[in-house]
Structure formats: structure tokens, C-alpha cells
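Reading the structure
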Amino acid sequence: MTLTNREKTMILMSHAISLYTQMMQGDKIPHNQSVVDFILKNVPDEYKSELSIDLIDDIFSFISNYHMKLS
């Protein structure tokens, strides 16, 4: 089964959000850089057509809630 571009975009966003969190904790990116800006800068152009603020918000919320449940 091949992943759709939307599924690939969601995977890339999930990875970017995790990377953003790690880099923020390690003071490797400016504290005024938003997660949305970070995602837009790091998702390859061929997947940007699938991006929307609602999708970013949904993925970010899911990851945040999932990590809280693991704690």
C-alpha cells in the first residue's frame, strides 16, 4: 500500500513538530519562531499544497494530547 501525499504530509508535519520541540528545548532555534513557521520552512515544497492551518492545528493537538497521556 502506497501512502498518499496527504498522509506523507502529515508524517512530515509530525516529525517537524517533534523536531521543533527538541530544538526549542535545546535553544537551537529562536524562541520567537512559531511552530507554523518552522513547519512551513521544513516541509518540502511538493507537500506544501496539502498544508493548512487547520491540519497543522489538528496534528499539533493530537501530538500534544498523546504525549500528555503517556506521561
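Our subject is the structure listed above.
Rules behind the numbers
Residues numbered from 1 in each chain as written. Predicted model: local features only at pLDDT ≥ 70, side-chain atom pairs only at ≥ 80, totals over all residues. Heavy atoms only, no water. Helix = DSSP H or I, 4+ residues; strand = E, 2+ residues; numbered from the N terminus. Contact = heavy atoms within 4.5 Å. Buried < 20%, exposed > 50% of the residue type's maximum accessible area, 1.4 Å probe, protein only. Arc of directions from axis to C-beta. Expected span 1.5 Å × (residues − 1). Axes fitted to C-alpha atoms, helices over the stretch in contact; angles between N-to-C directions. Parallel < 35°, antiparallel > 145°, perpendicular 65-115°, else oblique. Left-handed = near helix turned anticlockwise from the far one by under 90°. Nonpolar A, V, L, I, M, F, W, Y, C, P; charged D, E, K, R; others polar.

Section: the environment of I63
Relative to the helices and strands, I63 is located in helix α3 (residues 53-70). With 49 residues separating them along the chain, I63 and S14 place their C-alpha atoms 7.6 Å apart. If we skip the residues at most four places from it in the chain, I63 touches S14 and I17.

Regarding helix α2 (residues 35-42)
Listed as buried for α2 are V35, F38 and I39. Take α2 and look down its axis: the buried residues cluster within an arc of 100°, on one side only.

With respect to helix α1 (residues 5-25)
The end-to-end C-alpha distance of α1, which contains 21 residues, comes to 30 Å, matching closely the 30 Å that a straight helix rising 1.5 Å per residue would cover. Every buried residue of α1 is listed here: T9, M13, A16, I17, Y20 and M24. Projected onto a plane normal to the axis of α1, the buried residues spread over an arc of 105° and lie on a single side. Facing away from the buried side of α1, by more than 90 degrees, are the exposed residues H15, Q22 and Q25. Following α1 by one or two positions, D27 adopts a phi angle in the positive range, close to 50°.

A closer look at the environment of M1
Mapped onto the secondary structure, M1 falls in the segment before α1. A sequence separation of 39 residues divides M1 from L40, and the C-alpha atoms of the two residues are 27 Å apart.

Side note on the packing of α1 against α2
At a closest axis distance of 9 Å, the pairing of α1 and α2 adopts a crossing angle of 125°. Considering their axes alone, α1 and α2 lie oblique with respect to each other. The crossing of α1 and α2 is right-handed. When α1 is examined against α2, the residues M13, A16, I17, L19, Y20 and M23 are found in contact with a partner set consisting of V35, F38 and I39. Looking at side-chain class alone, the contact of α1 with α2 contains nine nonpolar, no polar and no charged residues.

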